[in-house]
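# Coordinate inspection notes
One-letter residues, chain by chain:
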Amino acid sequence: MPRLSLSTKAAKAPQAALCALLLSGAPALAGKARDYLNAPVNTWVTFYNLGFSSSVAPVTGGAAYGISGVTTDVTSQSLIVSRILDVGGRTGGLSVVLPHADIDVAAGPFGAGAAGTGDIGIVAEVNLFGAPALSREAFADWTPETFASVHLLATLPTGRYDPDASVNVGSNRWSLAPTINYSYTPDAGWTWLEAYATARIFGDNTDAPGAAETLEQRPLYQIELHASRNLTPDFWLTADAYYDRGGETVIDGAAQDNAADTWRLGAGLGLRVGTIGTLFVNYDTTVSAPAGQPEGETFRLTLARLW
């Protein structure tokens, strides 16, 4: 399932640096292997997510101000509460995503930071095939099988936002992100080969930071590929690939030439820990990005618990 002060500590920076700060303030989103496994209906599932990402973006024309690049560090947390439902005999669910982030951005001698609650998300999802609605008793005897589901995430402009700040946790706009997953297991759940496809659609921020009036963003398309294999019934390893395309921002009608065309590769593990829950650990790093676009790495930890 989905997956970020107002103490600003920036001095006034040249316009080029401020633009870079503005465009670097949002943490990247990514998933992991086995994000969408089935669960018994009429239960609650909670996810606690902790992530740290660090990225560097070059700045054109910043040398005169001692700026070679913009470094962005994001520590993000989120709590996701999900209710598993029976939707016409198929597994479905409703979730609420409660995010928080600490963001620090530095460009040479200039810096900015923000911390606080992010934009709340609402998720609705339903299985297409392969994950029937099962009671706890029936689920205990169920053998995992290939399945596909559709998920819709809506984020609301509830996060902390200040148009006079260079960096914000809230986005002051809505977004919609439909995702479809296809998860193939040839051996009753010991091996999973998965593909997730997402299109993110953004509303306009009509109170954009700085002197701008309107910040728009074109759709962002994302594909994730995950392969995971159990070494024991309760422990597995994963290999991951992520591709992002699009998402160019437009400020007062002027396109910013910052569309993504980025590949990241990663690895991770999953471990069931008795009655505590399931622990996921993931790492990924940029391996290909357009000139001028950020490159970085992300570490994520998730604890999932069925109630």
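Our subject is the structure listed above.
Residues numbered from 1 in each chain as written. Predicted model: local features only at pLDDT ≥ 70, side-chain atom pairs only at ≥ 80, totals over all residues. Heavy atoms only, no water.

## Topic: the packing of aromatic side chains
In this structure the tally under the stated criterion is six aromatic pairs. Between Tyr36 and Tyr196 the ring centres are 4.9 Å apart and the planes differ by 75°, which places this aromatic pair in the edge-to-face class. Separated by 160 residues along the polypeptide, Tyr36 in the loop between α1 (15-23) and β1 (44-58) and Tyr196 in strand β8 (residues 191-202) bring together distant segments of the chain. Classification of Tyr36 as buried rests on a relative accessible area of 9%. Sitting over the ring of Phe280, Lys32 keeps its end group 5.1 Å from the ring centre. In this structure, Arg34 packs its charged tip against the face of Trp236, placed 4.5 Å from the ring centre. (Phe/Tyr/Trp six-rings, centres within 6.5 Å; stacked < 30°, edge-to-face > 60°. Helix = DSSP H or I, 4+ residues; strand = E, 2+ residues; numbered from the N terminus. Buried < 20%, exposed > 50% of the residue type's maximum accessible area, 1.4 Å probe, protein only. Lys NZ or Arg CZ within 6 Å of the ring centre and 35° of its normal.)

## What about the environment of Ile276?
With respect to the element layout, Ile276 can be found in the loop between β14 (260-273) and β15 (277-288). Put simply, Ile276 and Arg305 are 29 residues apart on the chain and 6.9 Å apart in space, counted from C-alpha to C-alpha. When residues no more than four places from it in sequence are discounted, the contact partners of Ile276 are Leu303, Ala304 and Arg305. (Contact = heavy atoms within 4.5 Å.)

## As for unusual backbone geometry
With glycine set apart, most residues show a phi of negative sign, and most peptide bonds adopt trans. Phi is positive for Arg34, close to 60°, though the residue is something other than glycine. One non-glycine residue, Ala188, lies in positive phi territory at about 60°. Mapping Ala188 onto the fold places it in the loop between β7 (175-184) and β8.

## A few points about the sheet that holds strand β9 (residues 215-217)
Within a sheet, adjacent strands bond to each other through the backbone by hydrogen bonds, running parallel or antiparallel. With antiparallel pairing, the three strands of this open sheet are ordered in space as β9-β12-β13. Strands at the two margins of the open sheet, each flanked by one partner only, are β9 and β13 (254-255). As paired strands, β9 and strand β12 (residues 249-251) are joined by three bridges and run antiparallel to one another. Bridging from a neighbouring strand, Glu216 pairs with Val250 of β12. (Pairing = 2+ DSSP bridges.)

## Brief notes about the pattern of salt bridges
With the rule as written, the count across this model stands at eight salt bridges. A salt bridge links Asp244 to Arg264; the shortest N-O distance between them is 3.5 Å. Separated by 20 residues along the polypeptide, Asp244 in strand β11 (residues 235-246) and Arg264 in strand β14 bring together distant segments of the chain. Judged by relative accessible area, Asp244 falls into the buried class, the value being 12%. Connected through salt bridges with shared partners, the residues Asp244, Arg264, Asp284 and Arg300 form a single ionic network. (Salt bridge = Lys/Arg side-chain N within 4 Å of Asp/Glu carboxyl O.)

## A look at the pairing of β15
As paired strands, β14 and β15 are joined by eleven bridges and run antiparallel to one another. By the bridge assignment for β15, Arg264 is matched with Thr286. Between the antiparallel neighbours β14 and β15 lie three residues, among them Gly274 with a positive phi of about 45°. Here β15 pairs with strand β16 (residues 295-306) via eight bridges, running antiparallel. For Thr285, the partnering residue across the bridge sits in β16 and is Glu297. Connecting the antiparallel pair β15 and β16 is a turn made up of six residues, with Gly292 showing a positive phi of about 90°.

## Looking at a nonpolar patch on the surface
On the surface, Tyr48, Leu50, Leu79, Val96, Leu98, Ile122, Leu156, Leu271, Val273, Ile276 and Leu303 cluster together into a nonpolar patch covering about 790 Å² of accessible area. Those elements that place two or more of their residues in the nonpolar patch are β1, β3 (90-107) and β14. Positionally, Ile122 belongs in strand β5 (residues 121-129). The partly exposed category is assigned to Ile122, whose relative accessible area is 37%. (Patch = residues over 30% accessible without salt bridge, like charges linked within 9 Å, V, L, I, M, F, W, Y side chains within 5 Å. Areas by Shrake-Rupley, 256 points an atom, 1.4 Å probe, with all protein chains shown as cover.)

## A few points about the pairing of β3
Pairing between strand β2 (residues 69-87) and β3: 18 bridges, direction antiparallel. The residue of β3 that forms the bridge with Asp73 is Asp104. Here β2 folds back onto β3, and the loop between the two strands holds two residues, one of which, Gly88, carries a positive phi near 60°. In this structure, β3 lies alongside β5, joined through six bridges in antiparallel fashion. Pairing of Gly92 across the sheet is with Val126, part of β5.

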